Amino acid sequence: MAVCTGCSLLCEDIEVALDGGKMGKTRNLCRKGLGHFKSIYLDRARPAVDGKEAGIDEAIDKAAGILKNAKKPLIFGWSNSTLDAQKAGLELARELGAVVDDTSSICQGWIVEKVLRKEIPTCTLDDVRNYADVSIFWGSDPSSSHPRHLSRFSYYPRGEKRQRGYEEDRTAITIDVRKSPTADISDEYYRVLPGGDAGLVEAMISVLDGKIPRVEDKKKLISLVTNMKKSRFGVIFPGLGMVYSLKGRKELLDALVEKLNQSSRYSVIPMVGHYNMRGFNQTLLDQTGFINRVSFQDGVESGPEHSVMEAAKTCDAALVIGSDPVSSLPAAVARRLAGMPVVAVDPHRNLTTDVARVVIPSAASGLEAGGSALRMDGVEIKFDGVVESERMTDLEILARIKEGL
Ligand code: SF4
């Protein structure tokens, strides 16, 4: 069986038939996973230096030179790299005295940090399948982002204590600004106004305290909270909608979960997107005590000034691995990155490889290379490559760059 690295569910039941060494028919992939598998035949990156095609050795030498001569290099990406590559990357960062950040810094990082520091309770997706009776998709839409979430774990499957599945044994609740595809199939949908999540959490806590909430539709909210309270094993799956909306009032999530746990059992599993974002946060935490935004310039320190958004202003070179910040970050940050020598390591061509001084093509993890990663719930999943490839893995590329310093 193959593992799909198309999202942080890391589905382990993928069947692939090889046809003359190429990928043939597949089974069990969702549409997103199928696109991910097919992507190895599309838009591949090629080794390049200064916009011209180059040999791989030349590209690696040039990359090592850029990083060695930088006073303050930034190393960014990581969420699409294996655990071993992340560890090797941190060794390289220490040697270079680099600033290190990953995609969690601008999305799920603060909730993942609460989970990793055990400030809020969590559980595994296998616990969800076996025991959960209420799943709350808050600002998340797994039907679009993690298409097999509901069928493998949170709504449709029969589990040890949930033998009657979604028909009788499980309730799905979606809280979102719009009626998403997940909201469409949920038992309950509660519409929150953009930026209104903090107010909603406060209103929920009021109901849990037995007070009348200050919302327009009091009846609907009281009914929602009553259903949440009735649960024996509830799980909140926060997505980007909640992450951004609650960012200034992070303590409210702790307060709500604590309140719910006074009468029921509630856990939180952040709906991280990239297949090994949680792995990077865990690896960095184990090695430095921080989950992102770390500088190795002067010992080890972490702070907002080391986020990719700020580091792009102060760093003088960047190694971007398995990420496309030029297309995903705000234009001003992307422009600053594009203005410095960038080394891009990626299986595919993208806007970052287009502006990079050096491009080093890598094997696609899970498709052309093996390794391991942490699923969104922190469970380690090991995988092998599916097809043979001559491209080097992230791990091999990082080792070669380190040798060249
Ligand atoms: S849900 Fe995610 S991991 Fe599973 S098959 Fe789809 S893309 Fe791949």
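This one's a predicted model, so the numbers in the text were calculated from it and none came from an experiment.

1. Some details on the site of the ligand
Part 1 of the argument: Taken together, the neighbourhood of the ligand is formed by 14 residues, with C4, G6, C7, C11 and G33 sitting nearest.
Part 2 of the argument: Counted by class, the shell around the ligand contains eight nonpolar, four polar and two charged residues.

2. Let's talk about helix α19 (residues 394–404)
Part 1 of the argument: Listed as buried for α19 are D394, L395, I397, L398 and I401. Seen along its axis, α19 keeps its buried residues to an arc of 165°; they face one direction.
Part 2 of the argument: Packed against the buried residues of α19 are α2 (56–69), α3 (83–96), β14 (317–321), β15 (342–346) and β16 (358–361).

3. Observations regarding the domain arrangement of the protein
Part 1 of the argument: Domains assigned within the protein are domain 1 (45–106 + 275–404) and domain 2 (109–268).
Part 2 of the argument: Here the C-alpha centre of domain 2 lies 33 Å away from the C-alpha centre of domain 1.
Part 3 of the argument: In this complex, domain 1 contributes eleven residues to the contact, which on the side of domain 2 involves six residues.
Part 4 of the argument: Taken together, the residues that form the side of domain 1 that touches domain 2 break down as three nonpolar, five polar and three charged.

4. Re the nonpolar core
Part 1 of the argument: A63, I136, A318, V343 and I360 are the most contacted members of the largest nonpolar core, which totals 122 residues.
Part 2 of the argument: Contacts of A318, omitting those with residues within four sequence positions, involve P73, L74, F76, L337, M340 and V342.

Rules behind the numbers
- Residues numbered from 1 in each chain as written.
- Predicted model: local features only at pLDDT ≥ 70, side-chain atom pairs only at ≥ 80, totals over all residues.
- Near = placed C-beta within 6 Å.
- Nonpolar A, V, L, I, M, F, W, Y, C, P; charged D, E, K, R; others polar.
- Buried ≥ 20, exposed ≤ 12 C-beta atoms within 10 Å, placed from the backbone.
- Helix = DSSP H or I, 4+ residues; strand = E, 2+ residues; numbered from the N terminus.
- Arc of directions from axis to C-beta.
- Contact = placed C-beta atoms within 7 Å.
- Domains from an automatic or database assignment.
- Core = buried A, V, L, I, M, F, W, Y, C linked by C-beta atoms within 7 Å.

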